[in-house]
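Architecture at a glance
Residue strings, one per chain:
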Amino acid sequence: MPETLAEQLKDRADVEENVPLATMTTLKIGGPARYVIYPYSTMTLESVLRILRKNHIPYRVIGKGSNLLCSDAGYDGAVLRLDRYFNKFYFEGSVLTAEAGCSVISLAYDAMKNSLSGLEFASGIPATVGGVVCMNAGAYKACMADILRRVQVMHDGQLEWLPCSACHFAYRHSLFQEHPDWVVTAAEFNLRPGDRGEIRALMDDRRQRRMASQPLDKPSAGSVFRNPDCISAWKLIEGIGYRGRKVGGAQVSEKHVNFIINDGGASSADFLTLVHQIQKAVREKYQIDLIMEVEKFNWQ
Ligand SMILES: Cc1cc2nc3c(=O)[nH]c(=O)nc-3n(C[C@H](O)[C@H](O)[C@H](O)COP(=O)(O)OP(=O)(O)OC[C@H]3O[C@@H](n4cnc5c(N)ncnc54)[C@H](O)[C@@H]3O)c2cc1C
């Protein structure tokens, strides 16, 4: 009898089978992933990747799944998750080093408690370090590339620290999107000493602005479309009259029109049909192509 994958990965990772992607994404959409793997450490991660390759099992990494549209068809491969075991961090002076599974919201609060400024803009992004590095996530005219010092990544069987300048950061883009088989394992951030009260006040202000403007009580994947150079995406969606528009269980949020919420039982096709309708209507009215910021995760 050949060993199962769980047996081969014993002592290296937790392995779960046939887990709905809907349980791993903030949008709560997506069919089953054949395997979900939680590696124990960078040392075992290297051998997990080797064993997956030997078994010809494709893999992708998921952080908190907060930027993903997963197909209902499921994923016949392995989802790697670092949020169970890669969650250590420490401060050394004003430099924060954090493993890739750490929650960015928690890190922003810990930075504030240490009177360190820089992560306030990210204090409402429901994501992991790996995810925000890969996406170069940003808000309020700031982004991860502004504060990253270097990124640790596992690729081709090696662990390497890349300086920020080598990471090809641009608007919601990084080198790591060009290499979906690479795994970000940690990152170092340059923070600045600041006044704890002022940092807390800024974070409170950001949180209140998000609560007032975003449908945080409903499953979503954040902003659906990138902002074109010349105009905000929400203005275009407002302009075509799509506020509240529904396809099945997917709905353009009444509160923030660049969010599509899962209003209960939305399928991946509902979401995508609504996206395509918006893109078509915006193209016809404004001659602008809206590009999805939410990533299609497991589509043929
Ligand atoms: C309510 C809400 C508010 C949001 N607000 C913002 C915002 O203000 N600004 C913003 O930019 N985004 C925002 N987002 C979108 C989302 O949080 C970001 O895109 C975030 O960077 C995704 O992080 P994640 O850990 O959830 O990654 P996932 O969504 O799980 O993955 C995103 C990509 O990163 C890759 N990835 C994840 N971890 C790793 C790793 N360790 N190594 C290699 N690749 C990896 C995945 O394969 C995938 O390609 C919001 C989302 C929601 C739901």
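In this report, the structure presented in the accompanying data block is examined. (Residues numbered from 1 in each chain as written. Predicted model: local features only at pLDDT ≥ 70, side-chain atom pairs only at ≥ 80, totals over all residues.)

All right, on to the site of the ligand then. Residues in close proximity to the ligand total 33 residues, the closest being Gly63, Ala127, Gly130, Gly131 and Gly222. At the level of elements, β3 (59–62), α4 (129–135), β9 (138–139) and β13 (183–190) are the ones that each hand at least two residues to the shell around the ligand. Looking at which domains feed residues into the shell around the ligand, each of domain 1 (5–81) and domain 2 (89–213) gives three or more. (Near = placed C-beta within 6 Å. Helix = DSSP H or I, 4+ residues; strand = E, 2+ residues; numbered from the N terminus. Domains from an automatic or database assignment.)

By the bridge criterion, six bridges tie strand β11 (residues 148–155) to β13 in an arrangement that is antiparallel. Paired with valine 151 across the strands is alanine 187, a residue of β13. In textbook terms, the turn of a hairpin is the stretch between consecutive antiparallel strands, and for β11 and strand β12 (residues 158–163) this stretch comprises two residues, one of which, aspartate 156, has a positive phi near 50°. (Pairing = 2+ DSSP bridges.)

Time to look at the sheet that holds strand β6 (residues 89–92). Taken in spatial order, the five strands make up an open sheet running β6-β7-β13-β11-β12, and their pairing is antiparallel. This sheet does not close on itself; its edge strands, each paired only once, are β6 and β12. In this sheet, adjacent strand axes meet at a mean angle of 15° when their direction is disregarded. Inspection of the sheet shows β11 paired to β12 by six bridges, in the antiparallel sense. Each residue of the ladder has a partner; that of methionine 154, found in β12, is leucine 159. (Axes fitted to C-alpha atoms, helices over the stretch in contact; angles between N-to-C directions.)

This part is about the nonpolar core. One finds Val132 and Val133 to be the most contacted residues of the largest nonpolar core, which totals 88 residues. For this core, the leading source of residues is helix α9 (residues 268–286), giving six residues. Beyond its immediate stretch of four places on either side in the chain, valine 132 contacts Val104, Ala122, Ile125, Ala127, Ala137 and Met144. (Core = buried A, V, L, I, M, F, W, Y, C linked by C-beta atoms within 7 Å. Buried ≥ 20, exposed ≤ 12 C-beta atoms within 10 Å, placed from the backbone. Contact = placed C-beta atoms within 7 Å.)

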